[in-house]
Amino acid sequence: RRKRLGGENNMQKIIPHLWFDREAGEAVDFYCSLFPNSKVTNLTTLYNTPSDDADIVSFELSGQSFMAISAGPLFKFNPSVSFFVNFDRSRDRNAGERLERLWEKLISGGVALMPLQQYPFSDLYGWAQDRYGLSWQLILSNPQGQERPFLVPSLLFVGKVSGKAEEAFNFYLSVFRDSRPGNVARYGKGQEPDREGTIMYSDFMIENQWFAAMDSAYKHDFSFNEAISFMVNCDTQEEIDYYWERLSAVPEAEQCGWLKDRFGLSWQIVPAVMDGMMKNGSREQIDRVTQALLPMKKLDIEKLKEAYMRKN
């Protein structure tokens, strides 16, 4: 386990970031209406970006932090990154009914990727792509051991990275602190095209947050892209440098704190203080920080602070 560099804070370390064309606010309102303990926490507009004006929405779903941006039709959601919604019948006797109600709302205007029904791994499971293209896996679970969160990001390794789910989660376990493996289920003989021993399902914890990972050797017309990335909040420049050095594997993808790792997954390595700048800064301060970060690849905390504090 790696100790965190810099000071501790209460901010969620890794935050899923959703890229919309122009409908981030509408979509976030929809999601907040579906999940308990959900709310919008901040709305900021960035002016004069490469995507014109961009609305950034910070929000919580069932107590977990998310971020969404309206920044043009550059990227589209696909099932390579989805979100498990765990309905635990050992802790909620109405779990099945609640799952079915959520399914009906998510599938309205969307499409079923796997129909809601009984499967060998669950008495009730379905994979839905909602009206905005975001994918959700609803599952009736009865977990053994440590309880899993209600919402868990899930990574599907397909195409060129099919069969690399285990390599990937071991890599992430080595990079992030407070990490440990969870459950692993492997494909067996006779489950072609998936290779015996590859990952049917696994989960793992990094920075005290659960993620899931799966392989699929079937032909798919999608792969990881920037529509869903994961923001890593860093307390110090040393910490930004640490994650940048270990995660970035595609130099041409480096821009404004964004990078791609060797599996094609997108991350944003950002200073934790920037959250406060965007939420509490004046219009002029937010604009100065925006213009300072646009030319950067790896973000420089001191230069962003200088832009924030500079007098006009």
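Check the entry above for the structure.
So, how was this worked out
- Residues numbered from 1 in each chain as written.
- Predicted model: local features only at pLDDT ≥ 70, side-chain atom pairs only at ≥ 80, totals over all residues.
- Heavy atoms only, no water.
- Axes fitted to C-alpha atoms, helices over the stretch in contact; angles between N-to-C directions.
- Helix = DSSP H or I, 4+ residues; strand = E, 2+ residues; numbered from the N terminus.
- Parallel < 35°, antiparallel > 145°, perpendicular 65-115°, else oblique.
- Left-handed = near helix turned anticlockwise from the far one by under 90°.
- Contact = heavy atoms within 4.5 Å.
- Nonpolar A, V, L, I, M, F, W, Y, C, P; charged D, E, K, R; others polar.
- Expected span 1.5 Å × (residues − 1).
- Buried < 20%, exposed > 50% of the residue type's maximum accessible area, 1.4 Å probe, protein only.
- Arc of directions from axis to C-beta.
- Pairing = 2+ DSSP bridges.
- Disulfide = S-S within 2.5 Å.

**Some remarks on the packing of helix H6 (residues 283-293) against helix H7 (residues 301-309)**
Their axes nearest at 8 Å, the elements H6 and H7 cross at an angle of 150°. Put simply, H6 runs roughly antiparallel to H7. Considering the relative orientation of H6 and H7, their crossing is right-handed. Listed contacts from H7 to Gln285, Arg288, Val289, Ala292 and Leu293 of H6 are Leu304, Ala307, Tyr308 and Met309. Looking at the contact of H6 with H7 residue by residue, the classes come out as seven nonpolar, one polar and one charged.

**Structural notes on helix H2 (residues 95-107)**
For H2, spanning 13 residues, the distance from its first C-alpha to its last is 18 Å, which sits close to the expected 18 Å at 1.5 Å a residue. Looking only at H2, the buried set comprises Ala95, Gly96, Leu99, Leu102, Trp103, Leu106 and Ile107. Each buried residue of H2 sits inside an arc of 125° when the element is viewed along its axis, so together they form one side. Phi for Gly109, located one or two positions after H2, is positive at around 80°.

**Overview of the packing of helix H5 (residues 273-280) against H7**
It is the contact of H5 with H7, at a shortest axis distance of 11 Å, that shows an interaxial angle of 20°. With respect to H7, the axis of H5 lies roughly parallel. Handedness of the H5/H7 crossing: left-handed. For the pair formed by H5 and H7, the contact residues are Val273, Met274, Met277 and Asn280 on the first element and Ile301, Leu304, Lys305 and Tyr308 on the second. Taken together, the residues of the contact of H5 with H7 break down into six nonpolar, one polar and one charged.

**Here's the deal with the pairing of strand E6 (residues 111-119)**
Two elements, E6 and strand E7 (residues 122-129), share five bridges in a ladder whose sense is antiparallel. What sits directly across from Tyr119, in E7, is Ser122.

**Considering the state of the cysteines**
Following the criterion strictly, the structure yields zero disulfides and no others. Cys234 takes part in no disulfide bond, and the closest cysteine sulfur to it belongs to Cys256, at a distance of 16 Å. Residue Cys234 is classed as buried on the basis of its relative accessible area of 1%.

**With respect to the sheet that holds strand E15 (residues 266-271)**
The sheet built from seven strands is open, its strands ordered E2-E3-E4-E1-E13-E15-E14 with mixed pairing. Single-partner strands in this sheet number two, and they are strand E2 (39-49) and strand E14 (258-260). If you compare each strand with its neighbour and ignore which way they point, the axes differ by 25° on average. Across four bridges, strand E1 (residues 14-20) lies against strand E4 (residues 64-70) in parallel orientation. Bridge pairing links His17 to Met67 in E4. Taken strand by strand, helix H4 (residues 237-247) contacts strand E13 (228-234), E14 and E15, and its axis lies near 165° from that of E15.

**So, H5**
Turning to H5, its buried residues are Met274, Met277 and Met278. The arc enclosing the buried residues of H5, seen along the axis, measures out at 90°, which places them on a common side. For H5, the elements touching its buried residues are E2, E15, H6 and H7.

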